[in-house]
Number of protein chains: 8
Amino acid sequence: MAKFKLDDIDHQILEMLIDNTRVPFTDIAKKLVISAGTVHVRVKKMEEAGIIKGSSLTLDYKKLGYAFIAYVGVFLQKTSQTKFVLERINEIPYVTVAHITTGKFNVFCKIRAKNTEHAKDIIFMIDDIEGVYRTETMISLEESLNDKKRLMHSIFSNM
Amino acid sequence: MAKFKLDDIDHQILEMLIDNTRVPFTDIAKKLVISAGTVHVRVKKMEEAGIIKGSSLTLDYKKLGYAFIAYVGVFLQKTSQTKFVLERINEIPYVTVAHITTGKFNVFCKIRAKNTEHAKDIIFMIDDIEGVYRTETMISLEESLNDKKRLMHSIFSNM
Amino acid sequence: MAKFKLDDIDHQILEMLIDNTRVPFTDIAKKLVISAGTVHVRVKKMEEAGIIKGSSLTLDYKKLGYAFIAYVGVFLQKTSQTKFVLERINEIPYVTVAHITTGKFNVFCKIRAKNTEHAKDIIFMIDDIEGVYRTETMISLEESLNDKKRLMHSIFSNM
Amino acid sequence: MAKFKLDDIDHQILEMLIDNTRVPFTDIAKKLVISAGTVHVRVKKMEEAGIIKGSSLTLDYKKLGYAFIAYVGVFLQKTSQTKFVLERINEIPYVTVAHITTGKFNVFCKIRAKNTEHAKDIIFMIDDIEGVYRTETMISLEESLNDKKRLMHSIFSNM
Amino acid sequence: MAKFKLDDIDHQILEMLIDNTRVPFTDIAKKLVISAGTVHVRVKKMEEAGIIKGSSLTLDYKKLGYAFIAYVGVFLQKTSQTKFVLERINEIPYVTVAHITTGKFNVFCKIRAKNTEHAKDIIFMIDDIEGVYRTETMISLEESLNDKKRLMHSIFSNM
Amino acid sequence: MAKFKLDDIDHQILEMLIDNTRVPFTDIAKKLVISAGTVHVRVKKMEEAGIIKGSSLTLDYKKLGYAFIAYVGVFLQKTSQTKFVLERINEIPYVTVAHITTGKFNVFCKIRAKNTEHAKDIIFMIDDIEGVYRTETMISLEESLNDKKRLMHSIFSNM
Amino acid sequence: MAKFKLDDIDHQILEMLIDNTRVPFTDIAKKLVISAGTVHVRVKKMEEAGIIKGSSLTLDYKKLGYAFIAYVGVFLQKTSQTKFVLERINEIPYVTVAHITTGKFNVFCKIRAKNTEHAKDIIFMIDDIEGVYRTETMISLEESLNDKKRLMHSIFSNM
Amino acid sequence: MAKFKLDDIDHQILEMLIDNTRVPFTDIAKKLVISAGTVHVRVKKMEEAGIIKGSSLTLDYKKLGYAFIAYVGVFLQKTSQTKFVLERINEIPYVTVAHITTGKFNVFCKIRAKNTEHAKDIIFMIDDIEGVYRTETMISLEESLNDKKRLMHSIFSNM
């Protein structure tokens, strides 16, 4: 699949961006002893190739009053409704992740809520989507790890 | 919990950063008709208050050869081992998320792997941690949604 | 949430009422070296604030011929029926507790019956409510603990 | 089992006490057109017979900051440990109810906590009791019904 | 419940009949040193009181070509169909036992079949009853115990 | 397996004994127009061939105060303990049936008890057998069918 | 069942064919010191008796790009649809094995796919068959054993 | 993965061998209008590349007295024992397939036995392997499909 070939310079640029997406290109250039223009071209190329899809802010949801995380397994009436249900789920902003899965659930979601009562409202929103047969919820008592940086570094050091 | 008070300017700055973490502060300043210095001060304050914890790059894992996602439920022998097991799990870069959960699992993880065989190796690494009694794996057939931006916008528009 | 501020006198009054709801206010007054009128005012205030919602008699159900306790998990056809089903459940006096829950059940009830046969009748009443899809019953072999006083004392000693 | 015979007067006294445990005996006497002494004697007799075991205050736990309710199923290593484990559970004030049950759990508890984090601590306390093999938690999203008065009235109107 | 009072003579008669339903009354009479008429009267009385409901032959089903035993758990669409479904089940001679049960099944049956294929036919007969939603089968690999005599003796020695 | 060949006379004799094990041989002889000696010889032969293994009394357990029926699934620590555990189970008279089964249980038992409390004691006896890891109990709310006669008649009419 | 009697020569011929279905009959003849004609006749006879049903090539599916194996449990709406559903399943070439089973599934299939995405398509094909209510998938992380030769040799050495 | 390139001639040769592994190379040659030598060379090459791994006889197990098929899910004590347990499983000829799987089982096997009793013996053999914690068995009531030819044809027609 990974047909686009990343060379060592690309890897080093990515390593720096992974640690801080806001690092100025001039800093990257200085560190790698290349021109800022080269950094710009490389990043542009990786964006065009679709390897870099964007960046996201890491907020402290607890401080923002959204401390409640739950996983919701969704059973559908028919899998032919999968696409439709996923579009409806996509309209609920409190669902941050959704997967089509093997095992007992058809769709598996992660939600963030303010508290138990808010979680109930979100679960009911999912339950009320046409084609959803039943849901089962598992509540997070503590988010102990949420970090893709270790994976990203590992990918590039393994390449 | 959310004792730190964000005002409307903070919200608008956050909204722009959520969409693109690399947007220059001068662009934000121009858009909001404030000085770049103000933007800088505000962002700094939100970082110091711990509301902005950082930023992360969004890569296309499929293109990088890591198309395989699975959720792994972990049963512990004793919950007193939770902290120790989470530290070991933290050493496996392919585990990107880990939660202490209610329901049948003690710990619930998300992993990214190259393929079935690689997934097996990662699951075995988790299984071999001292104190882990058993694991149960659910495989993602499609990541249909992975987007925290909708949530972030929703949080600020609800405040 | 607990915006109403209870002071030390309130706590001591509550502690005495928790142990015996029928304790005369004059006894409380004597013990705390305050006037009976003060006790009266304080209790009234706590009732108006909704902190004290009432009191309930503790009967020996075994002696009254109601020795059979069971927990009944209820699966609904659609969660939109939750409110309607709970109203119907509320009409069955043998259901003493009902919760909307996470996990596999939509609603989780506690029932008290005379014996196995009576329990069957009650379970069938729940099963026959429109919108109830299925129930699953877990029978109590012994009620080993049913005591909120320890919790109440703990709440006030932690405040 | 219910060998102690309650007559109609007893029933009516109980009915009034069920509605309000603090109702003065003189009020009961007036309502039933009997002497206050008779009420006193009757209540005493029912207390001595163990039918009336006491009374308990109904507090608004939400207002007191204890809004989180969960059911915890406990698996034991050996049922011979049941008595020992129940004694340890009895030392945790946040566990308000505990049953020995049929089905997959050995012991089934109800807990009240301040929030998710507090619930985690309580669950870990139970998990750490010697002889407890594993626990499974089901969280209440709403306590829709908690009322024994309907049952009590029903018992006496059926007698 | 057991209002009919059995005396010691009754117990001894039952003990002998439990061991061998075909034992002649004269043998019982001789052993207990009473008249055969008394035995006759006592047995008659126990039959009329409904304590003795009949007798059944114990055949070797293996030798008769019916070696396959399975337990079939039945899920109903609505419990209001229980009575109707049990009547249909009653028409299948290969179902020897059926219970209304707590837990995940509504009805729980024991079947005897010639072999796997025959068992499949019987399970399909049950599955095809109107109102039956699904069945789950557990197969016996060995009938290690099937003996009510130990229970009967125990009942009478405990009386 | 059924190598012993039963002829039509045998079938008819069995049919009569199935309905009433105590029917006198002379009655059978008269009905089938054969000699009582022939009946005697045939029954003897079927007993010697092991086809007729005995007979059992059908008592009304409810009237005898044993109205509580439960199924208990037993999990073993190792299947090598199966034989030992079954011998211990065999010593508990309240266990009337025990099977080695496929599915989640190693051994599956049927018990008869006086009431909930007695059932708890019996389940604890099983739980305390060395080698028993855990049990799961399913309670009968009604024994709707317990009749092997239909099967027996069906076997002989199919032969 | 095995009424057709295989003699020692048949066994030895089968043993050689099991190891290599393409072994020339002349080689078998030489090894067993019989004529090639005899081998031919014997094989023909075993084919006509239906004992030898054919032969199949063992390909390396991994090398052919079909490395993904999964087991799919199928729940039907009604077992009366079993035959129809199996005919539809039979039209999907990626399903290599299908069984009617006891336990929670009605039908249990084995599928071979190119990768996760292809597996999803196949599972959706099964899910979309009329009469299929739900499916549950279990993914193979490694096919550690797939060998009927050991069984075949064992059958003939036990005969 | 499939680096070895098969051309159209290879496909057509494979198609003929799939249908009948014993088809003479001269027949293939005639059909495809190529020389028998070419067929020989091509098959040799595909064998050396490991694409053709061998061939196997398709026997009628029912006629050979092995009509009983079951799937056995194996739970291990530790996954580090997986390799050891699979080696022991490999010594039991009645296990024809074994997979390391996701979901609740660690290893998932297919067995063929003579009957229920033989199946019990095989399951006990697996249960008694050191490191095996528990097994769960699902019995096949009918092998409705067992055919890899459809898949093979599909693979080559899709290439």
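Residues numbered from 1 in each chain as written. Chains lettered and ligands numbered in written order. Predicted model: local features only at pLDDT ≥ 70, side-chain atom pairs only at ≥ 80, totals over all residues. Heavy atoms only, no water.

S.K.: Before we move on, can you summarise the sheet that holds strand β3 (residues 95-101) of chain E with the specific residues and values?
M.R.: Read around the closed barrel, eight strands run β2(E)-β4(E)-β3(E)-β5(F)-β2(F)-β4(F)-β3(F)-β5(E), paired in antiparallel fashion. Neighbouring strand axes in the sheet, compared pairwise and without regard to direction, differ in orientation by 35 degrees on average. In terms of strand pairing, β3 of chain E meets strand β4 (residues 107-113) of chain E through five bridges, oriented antiparallel. Bridge assignment links A98 of chain E to a residue of β4 of chain E, and that residue is C109 of chain E. Along the sheet, helix α4 (residues 82-89) of chain F makes contact with β5 (132-146) of chain E together with β2 (68-76), β3 (95-101), β4 (107-113) and β5 (132-146) of chain F, crossing β3 of chain F at roughly 170 degrees. (Pairing = 2+ DSSP bridges. Helix = DSSP H or I, 4+ residues; strand = E, 2+ residues; numbered from the N terminus. Axes fitted to C-alpha atoms, helices over the stretch in contact; angles between N-to-C directions. Contact = heavy atoms within 4.5 Å.)

S.K.: Now, about the environment of P93 of chain H: what can you tell me, with residues and values included?
M.R.: Within the secondary structure, P93 of chain H is located in the loop between α4 (82-89) and β3 (95-101). For P93 of chain H, a relative accessible area of 21% corresponds to the partly exposed category. Excluding anything up to four places from it in sequence, P93 of chain H contacts R150, L151 and S154 of chain G. (Buried < 20%, exposed > 50% of the residue type's maximum accessible area, 1.4 Å probe, protein only.)

S.K.: So what about the packing of aromatic side chains? Which residues, and what values?
M.R.: By the definition in use, this model includes 56 aromatic pairs over all chains. Geometrically, the ring pair formed by F105 of chain B and F108 of chain B is stacked, given 5.8 Å between the ring centres and 25 degrees between the ring planes. Neither F105 of chain B nor F108 of chain B differs from the other in exposure class; each is buried. Taking the centre distance of 5.0 Å and the plane angle of 65 degrees together, the rings of Y71 of chain G and F108 of chain H count as edge-to-face. (Phe/Tyr/Trp six-rings, centres within 6.5 Å; stacked < 30°, edge-to-face > 60°.)

S.K.: Any details on the relation of the copies chain F and chain E? Residues and values, ideally.
M.R.: With an RMSD of 0.0 Å, the fit of chain F onto chain E corresponds to turning through 180 degrees and sliding 0.0 Å along the axis. When the rotation and shift are considered jointly, the pair of chain copies conforms to a two-fold rotation axis. The share of interface residues of chain F whose copies in chain E are also at the interface is 100%, consistent with both copies meeting through the same surface. (Least-squares fit on C-alpha atoms with pLDDT ≥ 70 in both.)

S.K.: Hey, could you go over the interface of chain A and chain G for me, with residue numbers and the actual values?
M.R.: Taken together, the contact pairs eleven residues of chain A with twelve residues of chain G. Carbon and sulfur atoms supply 52% of the area buried between chain A and chain G, which totals about 980 Å² over both sides. The largest share of the area that chain A buries against chain G comes from K78, T79 and T102 of chain A, three residues that together contribute 43% of it. Put simply, chain A and chain G have zero salt bridges between them. Inspection of the chain A/chain G interface yields six residue pairs in polar contact (both at pLDDT 80 or more). A class-by-class count of the residues in the side of chain A that touches chain G yields three nonpolar, six polar and two charged. (Buried area = accessible area lost by both parts, 1.4 Å probe. Salt bridge = Lys/Arg side-chain N within 4 Å of Asp/Glu carboxyl O. Polar contact = N/O pair within 3.5 Å; in protein donor to acceptor, adjacent residues only side chain to side chain. Nonpolar A, V, L, I, M, F, W, Y, C, P; charged D, E, K, R; others polar.)

S.K.: Got a sec to walk through the pairing of strand β2 (residues 68-76) of chain G? Specific residues and values, please.
M.R.: Residues and elements named next belong to chain G. With nine of nine residues buried, β2 is to be regarded as a mostly interior element. Going residue by residue along β2, you find F68, A70, V72, V74 and L76 tucked away on one face and I69, Y71, G73 and F75 tucked away on the opposite face as well. In this sheet, strand β4 (residues 107-113) lies alongside β2 in antiparallel orientation, the contact comprising seven bridges. Across the sheet, residue A70 finds its bridge partner in β4, namely I111.

S.K.: Break down the environment of R134 of chain F for me, with residues and values.
M.R.: As for its placement among the helices and strands, R134 of chain F is situated in strand β5. Expressed as a C-alpha distance, the spacing of R134 of chain F and Q77 of chain F, which sit 57 residues apart in the sequence, is 8.6 Å. Excluding its chain neighbours within four sequence positions, the residues that come into contact with R134 of chain F are F75 and K104 of chain D together with G73, V74, F75 and D127 of chain F. At a separation of 2.9 Å, a polar atom in the side chain of R134 of chain F contacts the main-chain carbonyl oxygen of K104 of chain D.

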